[in-house]
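Listed below, chain by chain, are the residues.
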Amino acid sequence: MDAEAEAALREGAPRLHMVGISKSFGGVAALRDVDFLLRAGEIHGLVGENGAGKSTLMKIIAGVHAGYRGRMLIDGREAQFRSARDALAAGIGMVHQELSVVPDLTVAENVFLGKQPTKRGMIDWPGMVAGARQQLASLGIDVDPRAPMGSLSIGLQQLIELARVLFSGARIIILDEPTSALSPPEVQRLFEVLRGVRASGRSIVFISHFLDDILSVSDTVTIFRNGRRVVTEAVGKIDKGWVIKRMIGSGHEGLEESYTGAITLGSRPSAPVMLSARELSASRAFADVSLDARSGEILGVYGFMGCGQIELARTLFGKLKPTTGSLSIDGQVRRFHNTNQARRAGIAFVPESRRSMLFYQEPVYKNVSISVLGRISRLWLRPAAERDIARRHVAALNIRPPDVAALLAGLSGGNQQKVALAKWLTFMPKVLILSEPTRGMDVGAKDDVVKIVRGLRDQGLAVIVVSAEPETVLSLADRIVVMKKGRIVREFAGETISKDRLLEAA
Amino acid sequence: MTVPAQENAEAQPSRVGAFIRNRIRNIAPFATLIILLAFFSIASPSFFTVDNGVNVLTQVSVTGVMAVGLTFVILCAEIDLSVAAIANATGIAVAYFTLQESYVNIPNIPLPGFAAIGLALLVCAILGLVNAFGTTIISIPSFIMTLAMMQIGAGISALLVRGQIAYAVPDLVTTLGSGAVGGVPWIVIVLGVFLVVGHVVLTYTRFGRYVYMVGGNREAAEYSGVNVKVVLGAVMVISAVCSGVAGMIGVAHFGSAQQNEFDGYLLDAIAAVVVGGTSLFGGRGGIGNTIIGLCILGVLNNGLDHVQIDSFLKILIRGIILLVALIINVYVQNLRDRERG
Ligand SMILES: Nc1ncnc2c1ncn2[C@@H]1O[C@H](COP(=O)(O)OP(=O)(O)OP(=O)(O)O)[C@@H](O)[C@H]1O
Ligand SMILES: [Mg+2]
């Protein structure tokens with residue numbers, strides 16, 4: 001045990017102490033001899049590359065993985081959980097990286113999942129609805145608690161899942177990439193709530209790839225690399241470069257600039273228009289949207305979560321039908337009745353939610369090949385060709401583990417995201433629409449994606465990047481349109497722009 | 001101060017453990033089959049013989065052909081409750097278009113054999129298309145749509161035979177249903193062909209891959225540009241046509257076409273698919289599983305006859321086996337979901 005841990009022991013038992021934790025999946029080590037220490041009333045930031053083992057350690061704490069090596073002490077007492085329920089009973093609440101809400105239940109039921117208030121043995125509906133409304137309000141969410149969860153945007157669902165855990169009374173709260181679908185004001189509000197939770201003496205583990213967020217909200221930061229804990233340090237003494245150096249290695253400290261400074265947009269107004277939307281509207285989601293995507297240019301569509309940009313992207317891919325307006329691809333007017341027609345017209349789409357893009361129980365290569373099967377085989381499958389294609393992408397995108405037969409469910413979140421992108425890169429589409437393309441990726445992987453997408457642009461593709469993360473749009477786009485409440489309110493082209501100006505416009 | 005790394009109670013799962021957990025969907029039914037075989041072989045000397053083996057296969061043939069189509073549907077996470085009704089309607093249709101003996105008093109339309117078979121196939125294909133239309137275009141849940149189709153199939157059957165029994169079917173159908181070649185009943189060969197074709201389509205063709213992907217994650221299939229509705233529609237039609245063929249050879253096998261002839265077969269066909277380990281949630285399983293499921297069902301039915309068991313108890317035992325298989329099926333799914341975390 002290291003010095004800090006001993007110091008902590010002298011101060012009294014820490015809230016949570018993990019000692020010598022090792023865990024492997026089918027012979028592959030995910031965690032090697034990890035010690036981890038969480039104090040009462042602390043926000044502990046956890047960072048590391050994709051696949052470093054962050055989620056695995058947290059799942060052990062939350063009782064999801066029951067088989068591991070090592071010890072866990074809570075308030076100095078030995079703990080061993082057989083299931084997530086055990087952990088919950090011991091006061092551990094976790095928001096998983098993948099949304100785990102129940103789309104068919106109402107918002108209120110989701111907030112009170114597993115502990116609905118009852119009155120004389122019956123569910124106390126009015127109490128539940130009122131309770132949910134109040135809890136959500138403190139996170140600044142204004143939704144009808146009786147609305148079905150599935151009808152809400154993914155960002156709202158994420159907030160509601162956060163509410164469930166934050167207000168569950170858990171003493172240890174684990175948040176695995178809780179802000180990946182949130183826009184900046186919501187993130188700030190969440191941080192306020194987290195600080196409040198900390199003040200009440202509870203402990204929070206906060207995993208994120210947004211190092212600025214980590215450094216602004218946490219008291220202590222632990223860095224993981226390759227299944228090992230590299231270092232734990234108090235936040236006051238460190239900066240972003242220091243963290244990146246320990247996360248990925250030296251020479252990468254310049255990654256993920258903050259974009260607070262000015263960025264010059266390299267728009268190409270003379271390039272041919274590939275996709276053109278005219279006065280496109282979809283009931284309630286967005287209205288009167290006109291935009292052009294040019295070949296060899298990356299168009300950024302920025303807007304806060306829930307401003308209609310997600311629905312717009314789906315409409316362009318034929319998943320939603322526009323109520324009015326027209327769409328033309330490469331000069332031809334098109335009306336898509338399904339996604340297959342959009343794909344045939346040369347549109348590729350990566351949705352914001354990995355779960356709606358990937359087949360978890362299938363190997364990586366089948367995930368990659370599904371969208372191009374029609375191009376590489378007519379009647380008979382050609383698994384060898386599929387694997388070759390997948391191998392190329394796995395190498396090009398640096399997907400870990402580099403095994404195309406590995407089950408997708410075993411990949412870490414960021415690597416899954418890369419697989420979702422790889423699906424469309426075999427045959428060049430005309431228009432590539434990316435919704436939140438770097439969600440859940442580490443700084444290195446984000447940089448990879450930026451390079452890949454720019455490479456595609458340079459090959460003449462029209463790329464549309466839709467995101468609620470200003471960094472994503474700023475790092476990629478040559479031209480930016482800003483959406484607000486379902487309408488395009490501003491376009492930035494051929495000028496210099498900064499994060500602040502972008503946020504102001506939205 | 002060092003703390004010895006202590007083995008957790010459920011220590012690191014070994015490779016063997018992981019392998020078994022991944023394959024339990026296939027291992028559990030296979031083990032069930034072996035146990036049943038061993039049990040009946042010991043309990044009855046007349047059970048484990050070549051003749052009886054052929055018997056078992058013959059007995060499951062009609063169920064088996066239906067189960068092939070149903071496998072496609074269940075792999076897509078849908079259900080088809082109309083298989084037995086469509087089989088019945090098709091079997092009666094083929095008799096309706098065949099010249100019957102004079103004592104059969106049905107106002108039918110005798111046609112040449114091939115026309116009769118063609119029309120009967122058309123009937124089941126159309127019923128399948130109606131199922132497909134209802135589930136994909138109108139978006140009626142397949143459970144409800146095929147429940148309605150079950151009634152429609154029964155209605156067609158009733159209208160065509162009007163309470164009578166027809167006996168004659170085209171020669172080809174008679175041969176396939178009740179003939180034999182070199183000691184092997186044709187009906188077993190038909191089953192074999194359906195199983196092989198079903199397996200090849202599911203494993204080696206693009207369409208088969210789409211079936212698994214649509215069952216595994218429908219939304220993801222759609223976002224990958226797969227025409228999900230076409231796939232779902234196609235499996236409904238495939239299921240109906242398989243049922244139709246099963247109905248025709250079934251009629252020939254039993255020697256008569258009448259109403260409610262296949263009523264018990266709906267449950268058997270579903271049981272064969274599910275007991276074999278194909279997931280009711282879609283995306284997992286296949287014809288291999290269905291084969292094992294069929295064998296379990298066949299061995300169970302046939303073996304219980306050999307050990308002279310109370311025939312009422314037989315029904316209960318079958319029910320219990322089905323329940324256990326369903327429990328395993330759902331349990332395995334939960335196990336996987338938990339792995340995924
Ligand atoms: N259920 C599983 N089966 C097999 N391997 C797994 C499983 N879960 C995780 N792994 C492997 O364990 C390693 C650590 O994964 P983990 O999800 O903890 O990474 P992470 O640090 O959370 O990454 P990310 O930032 O991408 O979410 C990875 O190599 C991953 O492939
Ligand atoms: Mg993770």
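Residues numbered from 1 in each chain as written. Chains lettered and ligands numbered in written order. Predicted model: local features only at pLDDT ≥ 70, side-chain atom pairs only at ≥ 80, totals over all residues. Heavy atoms only, no water.

Report on helix α12 (residues 287-306) of chain B, specifying residues and quantitative values.
Residue and element names in this part refer to chain B. When the terminal C-alpha atoms of α12 are compared, their 28 Å separation across 20 residues agrees well with the 28 Å that a helix rising 1.5 Å per residue should span. Buried residues dominate α12, accounting for 14 of its 20 residues. Once α12 finishes, Gln308 follows within two positions and takes phi at roughly 50°, a positive value. (Helix = DSSP H or I, 4+ residues; strand = E, 2+ residues; numbered from the N terminus. Expected span 1.5 Å × (residues − 1). Buried < 20%, exposed > 50% of the residue type's maximum accessible area, 1.4 Å probe, protein only.)

Outline the coordination of the magnesium ion (ligand 2), supporting the account with residue identities and numerical values.
Residues and elements named next belong to chain A. Each protein donor to the magnesium ion (ligand 2) is listed here as Ser55 (OG) and Gln97 (OE1); together their distances run 1.9 to 2.2 Å. Of the two residues, Ser55 sits in helix α2 (residues 54-61) while Gln97 sits in the loop between β6 (92-95) and α4 (107-111), which places them 42 residues apart along the sequence. With a relative accessible area of 17%, Gln97 lands in the buried category. (Donors = N, O, S within 2.8 Å, 3.2 Å for Na, K, Ca; no water.)

Could you give me a rundown of the pairing of strand β15 (residues 286-294) of chain A, with the residues and numbers involved?
All names here are of chain A. Sheet analysis places strand β14 (residues 273-282) next to β15, joined by six bridges and oriented antiparallel. Bridged to Ser276 within β15 is Asp292. The antiparallel pairing of β14 with β15 creates a hairpin that spans three residues between the two strands, and Arg284 there sits at a positive phi of about 65°. (Pairing = 2+ DSSP bridges.)

Can you lay out the environment of Val364(A) for me, pointing to particular residues and giving the numbers?
Residue and element names in this part refer to chain A. Along the chain, Val364 turns up in helix α12 (residues 364-369). According to the relative accessible area criterion, Val364 is buried, its value standing at 1%. Spatially, the C-alpha atoms of Val364 and Thr496 are 40 Å apart, while their sequence positions differ by 132 residues. If sequence neighbours within four positions are ignored, Val364 has contacts with Val394, Asp403, Val404, Ala406, Leu408, Leu411 and Val419. (Contact = heavy atoms within 4.5 Å.)

Provide a residue-level description of the confidence of the model for chain B, including the pertinent values.
Caution applies to low-pLDDT regions: their predicted coordinates should not be interpreted in detail. Residue and element names in this part refer to chain B. The pLDDT averaged across chain B works out to 88; a share of 91% of its residues lies at or above 70. Across chain B, the element-wise mean pLDDT spans from 73 in helix α13 (residues 311-340) up to 97 in helix α7 (residues 186-204). Low pLDDT (under 50) marks residues 1-13, which in the prediction has 29 contacts with non-local residues, meaning those over four places away or in another chain. Interface confidence in the predicted complex, given as ipTM, is 0.84; pTM for the same model is 0.83. (pLDDT = per-residue confidence, 0-100.)

An account of the interface of chain A and chain B is needed here, citing residue identities and associated values.
Counting from both sides, the interface comprises 52 residues of chain A and, opposite them, 38 residues of chain B. Of the roughly 4,200 Å² buried at the junction of chain A and chain B (both faces included), carbon and sulfur atoms supply 50%. Considering only the surface of chain A that becomes buried against chain B, Phe359(A), Gln361(A) and Leu381(A) emerge as the three largest contributors, covering 14% of it. Taken together, the connections running from chain A to chain B amount to three salt bridges. There are 14 residue pairs in polar contact (both at pLDDT 80 or more) connecting chain A and chain B. For the side of chain A that touches chain B, the residue count by class is 21 nonpolar, 17 polar and 14 charged. (Buried area = accessible area lost by both parts, 1.4 Å probe. Salt bridge = Lys/Arg side-chain N within 4 Å of Asp/Glu carboxyl O. Polar contact = N/O pair within 3.5 Å; in protein donor to acceptor, adjacent residues only side chain to side chain. Nonpolar A, V, L, I, M, F, W, Y, C, P; charged D, E, K, R; others polar.)

Just give me the short version of the environment of Ile249(B), but keep the residues and values in it.
Considering the arrangement of structural elements, one finds Ile249(B) in helix α10 (residues 228-254). Residues within four places of Ile249(B) in sequence aside, it is in contact with Val65(B), Val173(B), Leu176(B), Gly177(B), Ile187(B) and Val190(B).

I'd like a description of the nonpolar core, backed by residues and values.
Judged by nonpolar contacts, the single largest core of 157 residues is most densely connected at Leu275(A), Ile347(A), Ile464(A) and Met66(B). When residues no more than four places from it in sequence are discounted, the contact partners of Ile464(A) are Leu275(A), Ala293(A), Leu299(A), Val301(A), Leu316(A), Val431(A), Leu432(A), Ile433(A) and Leu434(A). (Core = buried A, V, L, I, M, F, W, Y, C linked by side-chain atoms within 4.5 Å.)

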